[in-house]
Number of protein chains: 2
Amino acid sequence: MVRLALEKEGIEIVGAICRRKEKVGRDLGELIGIDRRLGITATNDPDAVFTKTEADILLHATTSFIEKAYTQTVKAMEVGMNVISVAEELAYPYARHPEFAQRIDKAAKKYGVTVLGTGMNPGFILDTMIIALTGACQSINKIRARRIHDESPYSVAMLKREGMGLTIDEFQRGLADSSVITHVGLIESISMISHSLGWEFDEVKETFNPIICETPRELPHFKIEAGRVAGSKNIAYGIKNGEAVITLEHHMEILPEETSDSIWIEGTPPVNITIKPALKSEVGTVAVAVNMIPQVINAEPGLVTMKDLPIPRALIGDVRNFVKV
Amino acid sequence: MVRLALEKEGIEIVGAICRRKEKVGRDLGELIGIDRRLGITATNDPDAVFTKTEADILLHATTSFIEKAYTQTVKAMEVGMNVISVAEELAYPYARHPEFAQRIDKAAKKYGVTVLGTGMNPGFILDTMIIALTGACQSINKIRARRIHDESPYSVAMLKREGMGLTIDEFQRGLADSSVITHVGLIESISMISHSLGWEFDEVKETFNPIICETPRELPHFKIEAGRVAGSKNIAYGIKNGEAVITLEHHMEILPEETSDSIWIEGTPPVNITIKPALKSEVGTVAVAVNMIPQVINAEPGLVTMKDLPIPRALIGDVRNFVKV
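Residues numbered from 1 in each chain as written. Chains lettered and ligands numbered in written order. Predicted model: local features only at pLDDT ≥ 70, side-chain atom pairs only at ≥ 80, totals over all residues. Heavy atoms only, no water.

Novice: What is the right way to look at the pairing of strand S1 (residues 57-60) of chain A in this model?
Specialist: Looking along a regular strand, one sees the side chains alternate between the two faces of the sheet. Residues and elements named next belong to chain A. Bridging between S1 and strand S2 (residues 82-85) involves 4 bridges; their strand directions are parallel. Note on S2: the bridge partner recorded for His-60 is Ser-85. One crossover worth recording links S1 to the parallel S2 by way of helix H4 (residues 66-78), and it is right-handed. (Pairing = 2+ DSSP bridges. Helix = DSSP H or I, 4+ residues; strand = E, 2+ residues; numbered from the N terminus. Right-handed = clockwise from strand over helix to strand, strands pointing away.)

Novice: Just checking my understanding: could you explain the sheet that holds strand S3 (residues 114-117) of chain B for this structure?
Specialist: Working definition: the strands of a sheet are paired by backbone hydrogen bonds and lie parallel or antiparallel to each other. Residue and element names in this part refer to chain B. One open sheet accounts for 4 strands, arranged S1-S2-S3-S12; its pairing is parallel. In this open sheet, the two strands that pair with only one neighbour each are strand S1 (57-60) and strand S12 (302-304). With strand direction ignored, the average angle separating the axes of adjacent strands in the sheet is 15°. Packed onto the sheet, helix H4 (residues 66-78) meets S1, strand S2 (82-85) and S3 and runs at close to 165° relative to S1. (Axes fitted to C-alpha atoms, helices over the stretch in contact; angles between N-to-C directions. Contact = heavy atoms within 4.5 Å.)

Novice: Mind showing me how you'd approach the side chain of Ser-152 of chain B here?
Specialist: Residues and elements named next belong to chain B. For Ser-152, the location among the structural elements is in the loop between strand S4 (139-150) and helix H7 (156-161). A polar side-chain atom of Ser-152 sits 2.5 Å from a polar atom in the side chain of Asp-150. Of note is the side chain of Ser-152, whose polar atom sits 3.3 Å from the backbone nitrogen of Leu-255. (Polar contact = N/O pair within 3.5 Å; in protein donor to acceptor, adjacent residues only side chain to side chain.)

Novice: When you look at the nonpolar core in this model, what are you seeing that I'm missing?
Specialist: Counting 102 residues, the largest nonpolar core has Ile-143 of chain A together with Ile-143 of chain B as its most contacted members. Contact partners of Ile-143 of chain B, with chain neighbours within four places excluded, come to Ile-130, Thr-134, Ile-193, Leu-197, Trp-199, Val-245, Ile-246, Thr-247, Trp-264 and Ile-265 of chain B. (Core = buried A, V, L, I, M, F, W, Y, C linked by side-chain atoms within 4.5 Å. Buried < 20%, exposed > 50% of the residue type's maximum accessible area, 1.4 Å probe, protein only.)

Novice: Explain the sheet that holds S2 of chain A to me, please; I cannot follow it from the model alone.
Specialist: Residues and elements named next belong to chain A. Read from one edge to the other, the open sheet built from 4 strands follows the order S1-S2-S3-S12, with strand pairing classed as parallel. Two strands close off the open sheet at either side, each with one partner strand: S1 and strand S12 (302-304). Each neighbouring strand pair of the sheet contributes to a mean axis angle of 15°, computed without reference to strand direction. Here S2 runs beside strand S3 (residues 114-117); their pairing, made up of 3 bridges, is parallel. Paired with Ser-85 across the two strands is Gly-117, which belongs to S3.

Novice: What am I meant to see in the interface of chain A and chain B here?
Specialist: Size of an interface, as often reported, equals the accessible area lost when the parts are brought together. Of the residues lining the interface, 51 residues belong to chain A; the matching set on chain B comes to 51 residues. Summed over both sides, the interface of chain A with chain B buries roughly 4000 Å², with 65% coming from carbon and sulfur. It is Gln-138, Ile-311 and Ile-316 of chain A in chain A that bury the most area against chain B; as a group they hold 17% of the surface buried on that side. Taken together, chain A and chain B are joined by 0 salt bridges. For the pair chain A and chain B, the number of links is 21 residue pairs in polar contact (both at pLDDT 80 or more). Of all elements in the fold, only helix H6 (128-134), helix H9 (186-197), strand S11 (271-275) and helix H10 (281-291) of chain A reach the threshold of two or more residues within the side of chain A that touches chain B. (Buried area = accessible area lost by both parts, 1.4 Å probe. Salt bridge = Lys/Arg side-chain N within 4 Å of Asp/Glu carboxyl O.)

Novice: Looking at this structure, I do not really get the relation of the copies chain A and chain B. What am I missing?
Specialist: Here the second copy of the chain follows from the first by a rotation about an axis and a shift along it. Mapping chain A onto chain B calls for a rotation angle of 180° and an axial translation of 0.0 Å; the resulting RMSD is 0.0 Å. Those values place the two copies in the arrangement expected of a two-fold rotation axis. Closest approach to the rotation axis among the C-alpha atoms of chain A is made by Pro-310 of chain A, whose C-alpha sits 2.1 Å away. By residue overlap, the copies meet face to face through one surface: 100% of the interface positions of chain A are interface positions in chain B. (Least-squares fit on C-alpha atoms with pLDDT ≥ 70 in both.)

Novice: Teacher, can you tell me more about the environment of Lys-52 of chain B here?
Specialist: Residues and elements named next belong to chain B. Topologically, Lys-52 is positioned in helix H3 (residues 46-52). Here Lys-52 falls in the exposed class, since its relative accessible area comes to 74%. Sequence spacing of Lys-52 and Pro-269 is 217 residues, and the spatial spacing of their C-alpha atoms is 54 Å.

Novice: Help me understand the packing of H4 of chain A against helix H5 (residues 98-111) of chain A in this model?
Specialist: Angle between the axes and distance between the axes are the two parameters that describe a pair of packed helices. Residues and elements named next belong to chain A. At their nearest, the axes of H4 and H5 sit 10 Å apart, and the two run at 10° to each other. Comparing the axis directions of H4 and H5 gives the class roughly parallel. The segment H4 lies against H5, with Ile-66, Glu-67, Tyr-70, Val-74, Met-77 and Glu-78 engaging Phe-100, Arg-103, Ile-104, Ala-107, Ala-108 and Tyr-111. (Parallel < 35°, antiparallel > 145°, perpendicular 65-115°, else oblique.)

Novice: Mind showing me how you'd approach unusual backbone geometry here?
Specialist: Cis rather than trans, the peptide bond between Thr-268 of chain A and Pro-269 of chain A has omega equal to -10°. Relative to the helices and strands, Pro-269 of chain A is located in the loop between strand S10 (260-268) and S11. Despite not being glycine, Ser-178 of chain A has its phi angle at roughly 65°, a positive value. Note on placement: Ser-178 of chain A falls in the loop between helix H8 (168-176) and H9. You can call Ser-178 of chain A exposed: its relative accessible area is 55%. Within the chain, Asn-241 of chain B stands out as a residue other than glycine whose phi angle is a positive 50°. Summarising the element assignment, Asn-241 of chain B is placed in the loop between strand S8 (229-240) and strand S9 (243-253). Asn-241 of chain B gets classed as exposed once you look at its relative accessible area, which sits at 69%.

Here it is, written out as structure tokens:
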């Protein structure tokens, strides 16, 4: 995010908060691996940054979970900073965490700032894009969407946390005791779609299952034997009258045969869209978060979601031109 | 639009203005071909409707051109009606008709209403969807998009006005003397993209060319001989440093081999999307216009475009739940 923000005309970076001690006191330029100093020293004392720095917005990327996101960002709100976070649960907290949604909304309104949770997913492909495509439909019977994403670019540590390389039994045990981390976001996406369209479901549920490789899959520093876990498949269903009227699938897999994002809307007219290869999560999440800066600064105070804001867009020109003064 | 609006919970139709004399005095239900009376009598006296009816919004579908759209809708604005029009030039008038854009914006603000031009194209596939997809991009080098649309569902009269069945020479002469009508909207779409992204071009231009069929193409009531015009191809270019960095193609054709909407963004990440078959214009334009009703009612007064409003979405639930009071 810092690297991208530096490329954008009209964005000035004024502070940096880090979590790891070994980063404290180092120049931000060094930390992001560019060959120049930025004159900004990383600190693990958020209050110091929030109280001594004037900023329009805080970009937040430390957690998937709303409680932590709230605790870490509320002080920024208090000093008048808008917030964009890639915490998955913040993308649409009204379903699973209505009490936090209300708390954040209240705090944001009190301090006159806007808070948005976004990212590639939740935040873009399996919610915002689906909702936007339904705009061309007179009526809808069913929606199905599937994202097949290649996890190979992530670190070995991350892949192991995702259960890659485990046996099926180990994976299931890891799911049960939460040592295996899974995709977070489909319930958020399905709820955002539901509320955007006014489409009510009797039940929303999700499943997690391992994807087993039939032949070995090998990355430079990580090899998965045949018969072991090479990915996981998260499926969420919005059920009405006993039938799944929305099905969202998210596959995160090492070296899948091909990657894609597909959306099928059974309606009038039918809509069948395929994005090949799948939009890259690492690159895309950063893009969406930075690109939404003007919309968040311009929005009325409160907790907002992607469904409430003007359509996302790449920032090519000077960012200041898009911000209302 | 009337048929679709009738299906939506929370929309009440309170008046009907028609252009053709033979429709005057007839019940709207009869005019739209349903087997019940709606108790609304069509009139060709707009003032009578505007002054005697209270309505939140006027849906307007009579013309492609902004001057006519303005003249026909300004009295509705005066009595406090918001306006959604499918007039193509109104979808993004800032490029070709800045003076009208200003006039409409001024009138809308004066009377406290919001005016939107929209439709399938311009308004959705070759602008709104492209802009939304760029939201996932950190940077963009080039954008190319192509819509191949089947014109077969339109009336023979309309197909003839589009130059279908002419020789190449006749088509070119028809273009020159405006007896052949072409697609309107690519300049609007390209400008909306340009302004949304802050991407400036040295020049924007468009071309119109016939599509010639190699073998005969036959509809139930219309046949095109081999070697004659079976469609037209409109291409618009946004040019920067001598190179087309945006290219938008719109093919309207009788019985094309296949229909599709494709968007290719050369950027980080690259985005390649295909919608097959192409979204149907007739169905989709009506859908987009009706679906945008809540966003338009909720928006601040003035002339707005699709890039300014929250993402489009299908209306499934009660429309009143989406309107701020």
